Amino acid sequence: MTLLATERIKLFTTRSPWWCALLTLAVTIGFAALITGTTDAGGGSVAATQFGYQFGLPVIMVLAALSVTTEYRFGTMRTTFQAIPNRAAALLAKTAVVALLVLVIGEISAFGSWGIANLLKPSADFALNSSADWINVTGVGLVYALAAVVAIAVGLLVRHSAGAIALLMIYGLAVENLIRLIPNVGDDIYKWLPFNVANRFLTGDGSNRGAVLDGPPLSTSSLGTWWALAYFAAFAFVMLAIAITVTRKRDA
Amino acid sequence: MIEATSLTKRYGKTLAVSNLSFTVESGQVTGFLGPNGAGKSTTMRMILGLDNPSSGRVTIGGKSYHELKDPLRTVGALLDAKWVHPNRSARAHLAWMARSNRLPSSRVDEVLETVGLTSVAGKRAGGFSLGMSQRLGIAAALLGDPEVLLFDEPVNGLDPEGILWIRKFMHRLADEGRTVFVSSHLLSEMALTASQLVVIGKGRLISQSSTKDFVARAAENTVKVRSPQLPQLRGALEQASARIAPGEDGSLIVSGMDSEKIGELAAGNGIVLHELAPQTGSLEQAFMQITGDSVEYHTGLEIEAEQVLETAVK
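These lines cover the structure that appears in this document, whether it is placed above or below. Small disclaimer: the values here were computed from a predicted structure and weren't measured. (Residues numbered from 1 in each chain as written. Chains lettered and ligands numbered in written order. Predicted model: local features only at pLDDT ≥ 70, side-chain atom pairs only at ≥ 80, totals over all residues.)

## Concerning the overall build of chain A
Then, in step 1: What chain A contains, in helices and strands, is eleven helices and zero strands.
Then, in step 2: Reading the secondary structure of chain A in the N-to-C direction produces α-α-α-α-α-α-α-α-α-α-α.
Then, in step 3: Expected size for 252 residues packed as a compact globule is a radius of gyration near 18 Å; at 19 Å, chain A falls within 12% of this value.
Then, in step 4: With the principal axes as the frame, chain A shows a C-alpha extent of 60 × 45 × 30 Å.
Then, in step 5: Within chain A, the proportion of its 252 residues that are buried is 48%.
Then, in step 6: Long-range pairs, those at least 24 residues apart, make up 79% of the contacts in chain A with a sequence separation of at least 6. (Helix = DSSP H or I, 4+ residues; strand = E, 2+ residues; numbered from the N terminus. Rg over C-alpha atoms; globule rule 2.2 N^0.38 Å. Buried ≥ 20, exposed ≤ 12 C-beta atoms within 10 Å, placed from the backbone. Contact = placed C-beta atoms within 7 Å.)

See the structure below:
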């Protein structure tokens, strides 16, 4: 509890988490408003309200990566390890606090997006009347939290803001999709790439939509909903375990 | 008490600290002296468990840093005053440190008061001057009311007022019975602050002794002699194996022999002396002599500076 409280004080006494949180909400909810506002009357689905989650995801990962890299930049990571020589415990506490904050931001952004769609198009059917609908909305926070764990791991390994953010952005926005271009095996590899699988957890097989295009693109992964979540979580925690092991051995 | 045993740190091919052993006793200020790049900061980071030694070990009161429970209560350190998030207030910076070691938040206000930062406690630390940052760093070091305090070059870049403040503060801490270990590359500063000295150069121990002994040994004392019977005197001195260098306006600069001996020698040989003046070299000069070859990065400028110094002496 002491360590969690320590990390909570550290996180909330600087401004960047608040800016990132606001930006995430603005991007996701704004996008939901844009999509619903421009859909023809009668159209729209729960999935379509969550279009913006893909744009909030990079901002969330920036927030999480910065929570580590700014500590390296300003030397407070050394002060932290000096106060808490058990580095694994200190870093796990940090991860827990950041992931929890991100989970909350994710839920607010998802329900905010869904809410604004309801407000703009009261006539459309945005009722959460299937488990797929529920996962579509509530799952955003979970995916964000796990993505934050990945970003923290990368931040710990790279230790520089620019490097860590560039790596996360290039991977998330380009590399996974570019892998599909490899002839023959590209699509098979892509099926198992973590962010594609995370997308599978959120969007499911698209059966809760009116039309396939009625929402963000579907994932090519063929895992079941919960297996997809477990796969993404395992990826995130393996990354974190590697990062903590490296940090423990390295000079601070 | 801090005890280092054959401490070694290697970065790739560079040996930053090599087989370094020393002890720092409690209740006094111990200076950690060496030129820039001698391995002082690396050693301090190893004491705090931030860097892992390549071999050897260092203990605080018999325990390694990792074994300390709530370490800020045992060891306080100021390694770099800029290790603060610039957008965090001074109070918030101390607050999270206090929380991490289960210290009451009242301690934060106490240490802010001690270093005189109470009025700016809510201001962002990024806007602090170097002197204020240094005070904040000292406040952080004092947070857990520790028995052992480490300071790395605390007076670097400070104005005279700040230097005086830190100097007095160190003495106060030692008078309270704490172990104070403070590094510097300035012997003159250490001569005023520390009662014991651990001197290193190029990562190796050069000496561990009391400051008084070190200064006495370091400052090579020379004697200026003038005499109308210079050739005889020179001969007598050479026979007694003193080193002689020509001084200005026909005087001799004698080293390796004190003024009493020279006077007795002159009297014994019936030589008249017009001047017999002991001269004390500057501490910095002496320090350079002792650490001589152990400066990590020699530059042409340094050699030039040495030459200027030498001609000034002559």
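## Points about the interface of chain A and chain B
Many descriptions give the size of an interface as the accessible area lost when the pieces come together.
Then, in step 1: If you look at the interface, chain A gives 22 residues, while chain B gives 26 residues.
Then, in step 2: Going through the elements one at a time, α1 (2-12) and α5 (76-83) of chain A are the ones with two or more residues in the side of chain A that touches chain B.
Then, in step 3: Residue composition of the side of chain A that touches chain B, by class: nine nonpolar, nine polar and four charged. (Nonpolar A, V, L, I, M, F, W, Y, C, P; charged D, E, K, R; others polar.)

## Observations regarding helix α1 (residues 40-47) of chain B
All names here are of chain B.
Then, in step 1: Burial analysis of α1 places seven of its eight residues in the buried class, the great majority of the element.
Then, in step 2: Listed in full, the buried residues belonging to α1 are Lys40, Thr42, Thr43, Met44, Arg45, Met46 and Ile47.
Then, in step 3: Directly after α1, the chain includes Gly49, whose backbone phi takes a positive value near 70 degrees.

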